[in-house]
Amino acid sequence: MNETFKDIQEYFNWYKTVYGDSLRFDGDLSLPERTIASEKVNPVKIAQPEPVAEPVKKLRFDENLIHQNNLQLKKFYHEINNCEKCALGKTRQNFVFGMGNPTADLMFIGEAPGQEEDLKGLPFVGRAGQLLDKMLFAMKLKRDEVYIANILKCRPPNNRDPLPDEVSKCEPYLKKQIEMIGPKVIVALGRISAQVLLKKSDPLSALRRDTHYYEKIPFIVTYHPAALLRNPRWKSNAWDDLQKLKSFFSF
Ligand code: URA
């Protein structure tokens, strides 16, 4: 009889002596603390609920930045800032009306709000906007001395180009805004802004060549600041474009 068998037999003899014929167990069925590594049971993973995404907070901006308390512009902003004439009204975080001096001589018009602008409710406040500020600084101007707006007041998803339907719904707002501000000259930032307002399909290179007129207002076309960030070698051409403003202002 081998040793193990002998041990078991002794154990049952001892068991019978203690408990009689009935097998009984008074112990704890949980695994003992001393469980060795190889016996360790993987801890049961309790499914955690998926974290619920925080809704993106709409940031409040100082409304004064967009109309500097000009009553006409303020009233107009309140008339249109809940616009849902196109689908962008459903996806935007903020309506980006524009900002600056409501009686500015110089008005800059870009394409549409990007992500930063959508979150902050103000135009050109991202990287392209920082470059626009530098361009203004080079002309000894600050953004609260000019007026800055866009063709669209709401951000197109993923910054895609504005769709014709969006432009046709939104452009009348910009037209009215231009009438209220009455700038002496308009600068279109980029091809889309220029093509939409001039109703032309010429490439940017052709549009930059001439001074145009929008509702009798002199209209200059230059690169979009985002394009200048991608192609800094165009900056000197952009500076040449802005020199055309010298026939309307001294800077
Ligand atoms: N690009 C635009 O055309 N407009 C903005 O306001 C920001 C980025």
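Conventions adopted
Residues numbered from 1 in each chain as written. Predicted model: local features only at pLDDT ≥ 70, side-chain atom pairs only at ≥ 80, totals over all residues. Heavy atoms only, no water. Helix = DSSP H or I, 4+ residues; strand = E, 2+ residues; numbered from the N terminus. Contact = heavy atoms within 4.5 Å. Buried < 20%, exposed > 50% of the residue type's maximum accessible area, 1.4 Å probe, protein only. Pairing = 2+ DSSP bridges. 1 Å grid on protein atoms, 1.4 Å probe; cavity = no way out; pocket = protein on both sides within 12 Å on 5 of 7 lines; lining within 4 Å. Points joined across faces, edges and corners; volume = space filled by probe spheres on them. Nonpolar A, V, L, I, M, F, W, Y, C, P; charged D, E, K, R; others polar. Near = heavy atom within 4 Å. Polar contact = N/O pair within 3.5 Å; in protein donor to acceptor, adjacent residues only side chain to side chain. Areas by Shrake-Rupley, 256 points an atom, 1.4 Å probe, with all protein chains shown as cover. Sits in = over half its atoms within 2 Å of the grid points. Salt bridge = Lys/Arg side-chain N within 4 Å of Asp/Glu carboxyl O.

Here's the deal with the environment of Ala 138
Move 1: Mapped onto the elements, Ala 138 comes out in helix H6 (residues 127-138).
Move 2: Distance from Ala 138 to Phe 251, taken between C-alpha atoms, is 8.6 Å for residues 113 residues apart in sequence.
Move 3: The residues contacting Ala 138, other than those within four sequence positions of it, are Trp 239 and Phe 251.

Considerations on the pairing of strand E2 (residues 106-110)
Move 1: Most of E2 is tucked away, with five of its five residues classed as buried.
Move 2: Bridging between E2 and strand E4 (residues 185-189) involves four bridges; their strand directions are parallel. Residue Met 107 lies in a different strand from E4, and its bridge partner there is Ile 186.
Move 3: Bridge count between E2 and strand E3 (residues 147-150): four bridges; the pairing is parallel. The residue of E3 that forms the bridge with Gly 110 is Asn 150.

Concerning the layout of surface pockets
Move 1: Approximately 640 Å³ is the volume attributed to the largest pocket.
Move 2: Every residue lining the largest pocket is counted, 27 residues in all, and those nearest its centre are Glu 111, His 224, Ala 226, Ala 227 and Arg 230.
Move 3: Those elements that provide at least two residues to the lining of the largest pocket are H6, helix H8 (191-198) and helix H10 (225-230).
Move 4: No other element matches H10, which puts four residues into the lining of the largest pocket.
Move 5: The class makeup of the residues in the lining of the largest pocket is 12 nonpolar, eight polar and seven charged.

What about empty space enclosed by the protein?
Move 1: Summed over all chains, the structure comprises one cavity of 30 Å³ or more.
Move 2: Lining the largest cavity are 14 residues, with Cys 83, Cys 86, Cys 154, Lys 169 and Cys 170 positioned closest to its centre.
Move 3: Every element with two or more residues in the lining of the largest cavity is listed here: helix H4 (88-91) and helix H7 (164-181).
Move 4: By residue number, the principal contributor to the lining of the largest cavity is H7, which donates four residues.
Move 5: Tallied by class, the residues present in the lining of the largest cavity amount to seven nonpolar, one polar and six charged.

Focus on the site of the ligand
Move 1: The environment of the ligand is made up of Gly 110, Glu 111, Ala 112, Glu 117, Pro 123, Phe 124, Asn 150 and His 224.
Move 2: Glu 111 places a polar main-chain atom, nitrogen or oxygen, 2.8 Å from an oxygen atom of the ligand.
Move 3: The backbone of Phe 124 places a nitrogen or oxygen atom 2.9 Å from an oxygen atom of the ligand.
Move 4: For the ligand, whose accessible area on its own is 240 Å², the fraction buried by protein is 91%.
Move 5: Structurally, the ligand is housed in the largest pocket.
Move 6: Tallied by class, the residues present in the shell around the ligand amount to three nonpolar, three polar and two charged.

Structural notes on the pattern of salt bridges
Move 1: Within this structure, the stated rule accounts for 10 salt bridges.
Move 2: Between Lys 199 and Glu 171 there is a salt bridge, with its nearest N and O atoms 2.9 Å apart. Separated by 28 residues along the polypeptide, Lys 199 in the loop between H8 and helix H9 (204-209) and Glu 171 in helix H7 bring together distant segments of the chain.
Move 3: What makes Lys 199 exposed here is its relative accessible area of 59%.
Move 4: Two residues, Arg 208 and Asp 241, come together in a salt bridge whose shortest N-O distance is 2.8 Å. Remark: Asp 241 occurs in helix H11 (residues 235-243) and Arg 208 occurs in helix H9; sequence separation between them is 33 residues. Per residue, the accessibility class of Arg 208 equals that of Asp 241, and both read buried.

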